[in-house]
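# Observations on chain architecture
Read off the chains here:
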Amino acid sequence: MITNLVSSNGEAYIVPGKVNGECAEFLPDTGAEVTVVPQKFVCEAQMTGKEVTIQGVTGFPECTPLAMVNLEFLGEKFQKEVAVSSSLNRLNRVLYSLPLGGILPELLLKCVREQEKATQSDVKFEIPDCDEI
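All values reported here derive from a predicted model rather than from experimental measurement.

Right, let's get into the pairing of strand E2 (residues 22-28). Pairing between strand E1 (residues 15-19) and E2: five bridges, direction antiparallel. Across the sheet, the residue bridging to Pro16 is Glu25, located in E2. Counted along the chain from E1 to the antiparallel partner E2, the turn is two residues long, and its residue Asn20 has a positive phi close to 50°. Pairing of E2 with strand E7 (residues 93-96) involves four bridges; the strand directions are parallel. Bridge assignment links Pro28 to a residue of E7, and that residue is Tyr96.

Okay, unusual backbone geometry next. Despite not being glycine, Asn20 shows a phi value in the positive range, around 50°. Within the secondary structure, Asn20 is located in the loop between E1 and E2.

All right, on to the environment of Asn70 then. Within the secondary structure, Asn70 is located in strand E5 (residues 61-73). Note: C-alpha distance between Asn70 and Lys80 (ten residues apart in sequence) is 6.6 Å. Polar side-chain contacts of Asn70 include one of 3.2 Å to the side chain of Gln79.

A few words on the nonpolar core. Counting 16 residues, the largest nonpolar core has Val19, Phe26, Val37, Val42 and Val69 as its most contacted members. At the level of secondary structure, the elements contributing two or more residues to this core comprise E1, E2, E5, strand E6 (76-85) and E7. If one sorts the elements of this core by residue count, E5 sits on top with four residues. Not counting residues within four places of it along the chain, the set of residues in contact with Val19 comprises Ala24, Phe26, Val37, Phe41, Val69, Asn70, Leu71 and Val94. Counting six residues, the second-largest nonpolar core is a separate cluster that includes Ile54, Leu66, Ala83 and Leu88.

The rules behind the values
- Residues numbered from 1 in each chain as written.
- Predicted model: local features only at pLDDT ≥ 70, side-chain atom pairs only at ≥ 80, totals over all residues.
- Heavy atoms only, no water.
- Pairing = 2+ DSSP bridges.
- Helix = DSSP H or I, 4+ residues; strand = E, 2+ residues; numbered from the N terminus.
- Polar contact = N/O pair within 3.5 Å; in protein donor to acceptor, adjacent residues only side chain to side chain.
- Core = buried A, V, L, I, M, F, W, Y, C linked by side-chain atoms within 4.5 Å.
- Buried < 20%, exposed > 50% of the residue type's maximum accessible area, 1.4 Å probe, protein only.
- Contact = heavy atoms within 4.5 Å.

The values reported here are purely geometric and, on their own, carry no functional implication.
As structure tokens, then:
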């Protein structure tokens, strides 16, 4: 199981992906029980009618609707039920729980190792643009 998702220089591992075909940054949240996406990526027809209570960075519980969305991440495409938060709208970040749908932690670990190798050498690790996914 992956527990250290922060690089040696203290930066979080952010990986590009897509939510319903729109570019987003995927940020690991190892304490999350559910993946949370910004509301701006979700249309009304994708709402499931269910809700979940999450506790965000503010520490206060937030009741959020659930939606079934299409995700693309680390070379995989799948559908996943996610929490939808308007408080993430100003960001293009998805806070994902592990494992994410069909994404095995090993795939993320591979990305982490590539970033670590680049950090240890003089070569800068370049994450591909979202359009290259």
